[in-house]
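Spelled out, the chains give:
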Amino acid sequence: MIWPFSRFRKPPARLRGTIEAIYGAIVAQAREPLFYRDLAVPDTVEARFDMVVLQLWLVLRRLEPKSELAQGLFDRFCDDMDDNLRELGTSDLKVPKKMREFGSAFYGRTKAYDVALQEGREALAAALSKNIYNGRDIDHARQLAAYVDAADHTLAGLDPATLNSGAWRFPSPAATLVVT
């Protein structure tokens, strides 16, 4: 399990560049315009958070769970969410409460995705519909599930050294567009 309260430690210097590279790839993938334009992911703060969580989950499920890299990525995510809250004008007194809400959302969504992935693509589409599309738009959720399957397969095919180095890319979501 990744610990939500270790984010006040700095990752080892040897991992900082790798963490930044991988987290940068996660955020860039979450911001991919195709998700919002062609798959109708709502262009809201909440849906963008959900897309970051989705990409982060895809990576974390392939890393050694208690590794410094996995913990460092989660810590980087927490730092980013904290920074975003402050940029949006959230008061210092409300940030800790919001961070607990983010943590709860992260763990709830990743657990739902883990279970759904085991049950098959339709279950995954239902989980994505609930979390990203607010329980609507199952057709686009099915297309997003096809992307998740492809990304999971791509990451699963990487050898640990490549995965841990950050020298890889997510698959293009355009290549996974399917008519459902």
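Refer to the preceding data block for the structure.
Now for a look at the structure at hand. This structure is a prediction, so every number in the text was calculated from the model and none was measured.

Cut-off values and rules
Residues numbered from 1 in each chain as written. Predicted model: local features only at pLDDT ≥ 70, side-chain atom pairs only at ≥ 80, totals over all residues. Heavy atoms only, no water. Helix = DSSP H or I, 4+ residues; strand = E, 2+ residues; numbered from the N terminus. Rg over C-alpha atoms; globule rule 2.2 N^0.38 Å. Buried < 20%, exposed > 50% of the residue type's maximum accessible area, 1.4 Å probe, protein only. Contact = heavy atoms within 4.5 Å. Areas by Shrake-Rupley, 256 points an atom, 1.4 Å probe, with all protein chains shown as cover. Lys, Arg positive; Asp, Glu negative; His and termini not counted. Charge placed at Lys NZ, Arg CZ, Asp CG, Glu CD. Axes fitted to C-alpha atoms, helices over the stretch in contact; angles between N-to-C directions. Parallel < 35°, antiparallel > 145°, perpendicular 65-115°, else oblique. Left-handed = near helix turned anticlockwise from the far one by under 90°. Nonpolar A, V, L, I, M, F, W, Y, C, P; charged D, E, K, R; others polar. Core = buried A, V, L, I, M, F, W, Y, C linked by side-chain atoms within 4.5 Å.

The helix and strand inventory of the chain stands at eight helices and zero strands. Its C-alpha atoms give the chain a radius of gyration of 16 Å, within 12% of the compact-globule value 16 Å for 180 residues. Dimensions along the principal axes, computed over C-alpha positions, put the chain at roughly 45 × 40 × 25 Å. Put simply, the chain has 180 residues, and 45% of those count as buried. For the chain, restricting intrachain contacts to residue pairs at least 6 apart in sequence, the fraction spanning at least 24 positions comes to 66%. A total of about 9600 Å² of accessible surface is found on the chain, and carbon and sulfur atoms cover 55% of it. One finds the centroid of the 24 positive side-chain charges in the chain at a distance of 4 Å from the centroid of its 24 negative side-chain charges.

Two quantities define a packed helix pair, namely the angle between the axes and the distance from one axis to the other. Two elements in contact, helix H1 (residues 13–30) and helix H3 (residues 45–60), have axes separated by 8 Å at closest approach and are oriented at 135°. For the element pair H1 / H3, the angle class is oblique. Crossing of H1 over H3 shows right-handed handedness. On H3, the residues touching Ile-22, Tyr-23, Ile-26, Gln-29 and Ala-30 of H1 are Met-51, Val-52, Gln-55, Leu-56 and Val-59. Among the residues forming the contact of H1 with H3, the class breakdown is eight nonpolar, two polar and no charged.

Below, the discussion takes up the nonpolar core. Judged by nonpolar contacts, the single largest core of 56 residues is most densely connected at Leu-73, Phe-77, Leu-128 and Leu-144. For this core, the elements supplying multiple residues, two or more each, are H1, helix H2 (33–37), H3, helix H4 (68–87), helix H5 (95–119), helix H6 (121–132) and helix H7 (138–156). At 11 residues, H3 tops the list of elements feeding residues into this core. Excluding residues that lie within four positions of it along the chain, Phe-77 makes contacts with Tyr-23, Phe-49, Val-52, Val-53, Leu-56 and Phe-106.

A positive phi angle is found at Ala-40, which is not glycine, with a value near 55°. Of note, Ala-40 is situated in the loop between H2 and H3. Residue Asn-134 is not a glycine yet carries a positive backbone phi of 55°. By the secondary structure assignment, Asn-134 is in the loop between H6 and H7.

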